[in-house]
Each structure stands twice: as structure tokens, then as C-alpha cells.
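Listed below, chain by chain, are the residues.
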Amino acid sequence: MPEPAFSRRAALRGLGATGLLAALSGCGVPAAYVPEDRREGPDRSAGDRTVAFSNWPLYIDTDDGDDERRPTLDAFSERTGVEVRYTEEINDNDEFFGKVSPALMNHQETGHDLVVVSDWMAARFVHLGWAQKMDRPAQPNVARHLDPQLRSPAFDEGRLHTVPWQSGITGIAYNRRALGREIKSVEDLWHPDLAGKVTLFSGLDESFALLMQGDGVDVTRWTESDFHRMCDRIEDMVRKQHIRRFTGNDYTSDLSKGDVLACQAYSGDAIQLQADNPDIEFVVPEEGAELWAESLLVPNLARHKANAEALIDHYYAPEVAAELAASVNYVCPVPAAREVLAGSGDRETAELAENPLVFPDGDMRKRLVVARDISSAERRSLALRWNAIVGL
């Protein structure tokens, strides 16, 4: 089980790539948007049996005896004859966007056939027309097994251009023994006994949905007024020094050491935290929590689109999805993988089938929603407000 070394939902760095696009537009660069009929290039998949796949570090299964071997990728290559050139080069959403955006803006190849980015960044690719529409009839496993709750986010209705790689929940983790009581809601974070012992995520896209849910907002259709009302609350808590600090994925260290008692947290990290300390609990608040995904997409002019689509469909076969889920411990976007894990002869693997942080049960799913993403028109002003609060 990989240790949560950093946040795969990396924080927005200032105005990041939004500022880059504005600067390029002001320098006479052609309009960034690419129409659907101009996104595909010559597909060399049939004659060149390769695919270039870029992912985040520690986000795929590895062989126990050899970290360089990735069994699910090896199985795909053995079955199809397609060699996968796999790189772990995505360490930050905006950093990766900055790397590929000049080529995409100028209608050039990126050298990538398949990439994984957080859904808020995938939304940017989709809105700019930088992600190709997938050939879904060639992906029967995706069509059959994709989690219904993830099938049609607002930024990509029908999931025509993206497919979840793994999913997760932004909720609350806390040390129940040290705190001496339960946490059931976001409102519980503001109780006086947690003064100076709470951390929140510094990233706008990582934080806003759960905090607005704590104010009773339907985050599938939130407004700017909802956002600013939430910010008013957080500013007040900062002034009172109730919030210890704003974090990236280093919240795991704060919670493990006891420097904080409760924090915003990701479900995938919680499994590792609980393995190290059984007093740590992860909560989907009564008001609800955000169900998010990090998604696969095929950039414009990718040379091996058909091979990339075949690799995506490979990971939606329940037995392959189960193998990946057992390794990375995030919410599996293939519910049918649960039965595969339940039938495992290994006790720990079989127990994952009953873990609601990997396969949310019905009660938990009622409280999970996919939040409306922040539009490009909203992002600049909202980022300025949020970054002023957290000190970015």
C-alpha cells in the first residue's frame, strides 16, 4: 500500500495556467479553443503497437518483488501486443498543463496518448477542446461498468471525452480517542474544543465543495454568493485562530503526530492513516461530501488514440479494476470489481470489498455528490479571494 506522499489533487498555484492562457492570448496567439472536428490526427495505432501513458507517481499497482513491474500494464501488453511507455511525470495539475498547453494551443502534438489529471483540470481541457471524443463502442467495459454516479459530470456530460481513473471522497479525518467525541458534520469542526487543532486544504478546488456543503449549499449548482458566504465563515475562523493552517497533503503528518485533531482529508489517504493508527476515523459529514475523480483523457493529435482507448477499456474489466483498487485503495470507479475482491483467497484483499472508502455503501452514496466545477469566467475572482485567505 503506497504511502500518501503528496496530494494528487494538487493545489491551484495562484492563477497558474489561467494566467498563462491570458498572457498568450494577449501576444497574438490564435484562439485556444479547438473544434471537435480538428482534434484528431493520423492514428498510427495499427502499425505502431505502442501507447504513451503519463500518470501520477504511486498511482498504479506494482510487483511486490520489483517496483518497476506493473502487473496490470504487463497483462495488457501480453494480451494485445501493445507496448505501454508508462511515465510518472504528473506531479501537479497546473505544472503539467503549463507543459502541454503551448503545443495544444498551437494545434501541435504533445507526445502524450493518454494522461491522468484531476477532474477540475480535465474540465479545463474539455472546455478548451483539447481532449478528443472517445470511441465508446470500442470500449464495452467502460460502457457497462463505469460507476453510474460518475457517468455524467457537468463539465463532460455523458463522459464523452474523459473516463475516471480512480475516484475519491473529500471528507473529514479526526482522532476520535484524542478528541474524546464524534465528528458528524462540518459544523463540528468549529466547536471550541478544536480551536487551533483544525487544518483545511489550501487548494481552492480541493476545499470549496465540502465547506459549502457545511453551509447547506447544493454544490451541484452553487453560486458565487454561496462561495463568498463560505469565505466569510473561513475568514472569521482564521481571525479567531481556530484554523491551525492550510495544507497540501502534509495534513497526514499533522494528524499522525497529534498536532491537529481534525482536518479535511481524502478517503484514499484515510485507509493508510487507519492502518497506522486505528484511532483515526474518516467521516462523510451529515451535510454531504464531494465525490471526485481523476480522469483519463486523450489529448488532441495523439498518435495512438485507438491503443489508448483499448488501454482505458482494459482497466474497466472488473478483474483488472479490482487488482488496481487493491493496490491504490481509492474509490474504485468499477463497482463490479467489489465481487472480484470479495472472492479473493487473501483475507486482507477480501476485506477491501467491505470497505466503504473503496466501495461506498448505499447510505454513504446518498451523501456523495459531484460538485459543479469552477468556470473559467469565475476562476480569477474566486481564486483571488480564496488565495488571500489561505496566504497563497
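Along each chain, numbering runs from 1 in the same order as the chain's sequence is written. With pLDDT at 70 or above as the cut-off, local features in this predicted model cover only qualifying residues; side-chain atom pairs require 80 or more to be listed or tallied, and sums for whole chains, interfaces and linings still use all residues. Heavy atoms from the whole structure form the basis of all side-chain values; hydrogens and water molecules are not counted.

Caption draft 1: Seen up close, the packing of aromatic side chains. Stacked, edge-to-face and tilted labels apply to pairs of Phe, Tyr and Trp rings (six-membered ring for Trp) whose centres lie within 6.5 Å, assigned for plane angles under 30 degrees, over 60, and everything in between, in that order. As enumerated under the stated definition, the model contains 15 aromatic pairs in all. Residues Phe201 and Tyr251 carry aromatic rings whose centres are separated by 5.3 Å and whose planes lie at 80° to one another, so their mutual orientation is edge-to-face. Of the two residues, Phe201 sits in strand S5 (residues 198–201) while Tyr251 sits in helix H9 (residues 251–257), which places them 50 residues apart along the sequence. Three labels apply to residues, based on accessible area from a 1.4 Å probe with only protein chains included: buried if under 20% of the type maximum, exposed if over 50%, partly exposed otherwise in between. For Phe201, a relative accessible area of 2% gives the class buried. By relative accessible area, Tyr251 is classed as buried at 0%. An aromatic cluster is defined as three or more aromatic residues linked by ring pairs; in this entry it consists of Phe53, Tyr59, Tyr86, Trp165, Phe201, Tyr251, Tyr266, Trp292, Tyr315 and Tyr330. Note that Arg124 overlies the ring of Phe97, its terminal NZ or CZ placed 5.0 Å from the centroid. The ring of Trp222 carries Arg372 above its face, with NZ or CZ at 3.8 Å from the centroid. Secondary structure is summarised from DSSP: a helix means a run of H or I of at least four residues, a strand means a run of E of at least two, and numbering begins at the N terminus for each. For a lysine, the NZ atom is tested; for an arginine, the CZ atom; a charge sits over a ring if that atom is within 6 Å of the ring centre and within 35 degrees of the ring normal.

Caption draft 2: Broad picture of the pattern of salt bridges. We define a salt bridge as a side-chain nitrogen of Lys or Arg found within 4 Å of a carboxyl oxygen belonging to Asp or Glu. If you walk through the whole model with that rule in mind, you get 31 salt bridges. Two residues, Arg303 and Glu109, come together in a salt bridge whose shortest N-O distance is 2.5 Å. Residue Arg303 is located in the loop between strand S9 (289–297) and helix H11 (305–314), and its partner Glu109 is located in the loop between helix H3 (93–105) and strand S3 (114–118); the two are separated by 194 residues in the primary sequence. Note on Arg303: relative accessible area 37%, which makes it partly exposed. Three or more residues are tied together by salt bridges with common partners; here these are Arg176, Glu182, Lys184 and Glu281.

Caption draft 3: Structural detail: the state of the cysteines. Criterion for a disulfide: a pair of cysteine sulfur atoms at a distance within 2.5 Å. Enumeration according to the criterion identifies 0 disulfides in this entry. With no disulfide of its own, Cys263 lies 20 Å from the sulfur of Cys231, the closest cysteine sulfur.

Caption draft 4: Local environment of unusual backbone geometry. Its identity is not glycine, yet Leu58 carries a phi of approximately 55°, on the positive side. Its place among the elements puts Leu58 in the loop between strand S1 (50–54) and helix H2 (71–80). A relative accessible area of 38% means that Leu58 is categorised as partly exposed. In this model, His107 sits at a positive phi of 60°, which is unusual for a non-glycine residue.

Caption draft 5: Just the side chain of Asp254, in detail. With respect to the secondary-structure elements, Asp254 resides in helix H9. Throughout, a residue-residue contact means that at least one pair of heavy atoms, one from each residue, lies within 4.5 Å. Apart from the residues lying within four places of it in its own chain, the contact partners of Asp254 are Thr199, Arg245, Thr247, Asp259 and Val260.

Caption draft 6: Spotlight on the packing of H3 against helix H4 (residues 119–128). Working convention: axes come from line fits to C-alpha atoms, limited for helices to the stretch in contact. Angles between N-to-C directions cover 0 to 180 degrees. Look at H3 against H4: their axes get within 11 Å of each other, and the N-to-C directions meet at 15°. It follows from the interaxial angle that H3 and H4 lie roughly parallel. The element H3 and its partner H4 pack so that their crossing is right-handed. Here Asn93, Asp94, Phe97, Val100 and Leu104 of H3 come into contact with H4, specifically with Trp120, Met121, Arg124, Phe125 and Leu128. Amino acid classes used here: Ala, Val, Leu, Ile, Met, Phe, Trp, Tyr, Cys and Pro are nonpolar; Asp, Glu, Lys and Arg are charged; the rest, including Gly, are polar. Residue classes in the contact of H3 with H4 are distributed as 7 nonpolar, 1 polar and 2 charged. Oblique is the label for any angle not covered by the other classes, which are roughly parallel (under 35 degrees), roughly antiparallel (over 145) and roughly perpendicular (65 to 115). Handedness of a crossing is defined here by the sense of rotation of the near helix relative to the far one, left-handed for an anticlockwise turn of less than a right angle and right-handed for a clockwise turn.

Caption draft 7: Geometry of the pairing of S3. Among the 5 residues in S3, 5 count as buried, and that is most of the element. For two strands to be treated as a pair, DSSP must find at least two bridges joining them. Direction of pairing for S1 relative to S3: parallel, over a ladder of 2 bridges. From the neighbouring strand, Phe53 faces S3, where its bridge partner is Leu114. Alignment of S3 against S9, held across 4 bridges, turns out to be antiparallel.

Caption draft 8: Representation of a negative patch on the surface. A cluster of acidic residues, Asp64, Asp66, Asp67 and Glu68, forms a negative patch on the protein surface. Take Glu68: it is sitting in the loop between S1 and H2. A patch consists of residues whose relative accessible area exceeds 30% and which take part in no salt bridge; residues with like charges are grouped when within 9 Å of each other, and nonpolar side chains (Val, Leu, Ile, Met, Phe, Trp, Tyr) when within 5 Å. Residue exposure ignores everything except the shown protein chains as possible cover, and the areas themselves are Shrake-Rupley values with a 1.4 Å probe. For this count, His and the chain ends are skipped, Lys and Arg are scored as positive, and Asp and Glu as negative. Each charge is placed at NZ for Lys, CZ for Arg, CG for Asp and CD for Glu.

Caption draft 9: A look at the environment of Arg144. Turning to its location among the elements, Arg144 is positioned in helix H5 (residues 140–145). For Arg144 and Glu68, which are 76 residues apart along the polypeptide, the C-alpha to C-alpha distance reads 31 Å.

Caption draft 10: Just the pairing of strand S7 (residues 262–266), in detail. Among the 5 residues in S7, 5 count as buried, and that is most of the element. Bridge count between S5 and S7: 2 bridges; the pairing is parallel. The partner of Thr199 across the bridge, within S7, is Cys263.

Caption draft 11: Looking closely at helix H10 (residues 267–276). Taken across its 10 residues, H10 has 7 buried, putting it largely inside the fold. Of all the residues in H10, the buried ones are Ser267, Gly268, Asp269, Ala270, Ile271, Gln272 and Leu273. Those residues of H10 hidden inside the fold are in contact with strand S4 (162–175), H9, S7 and strand S8 (280–283).

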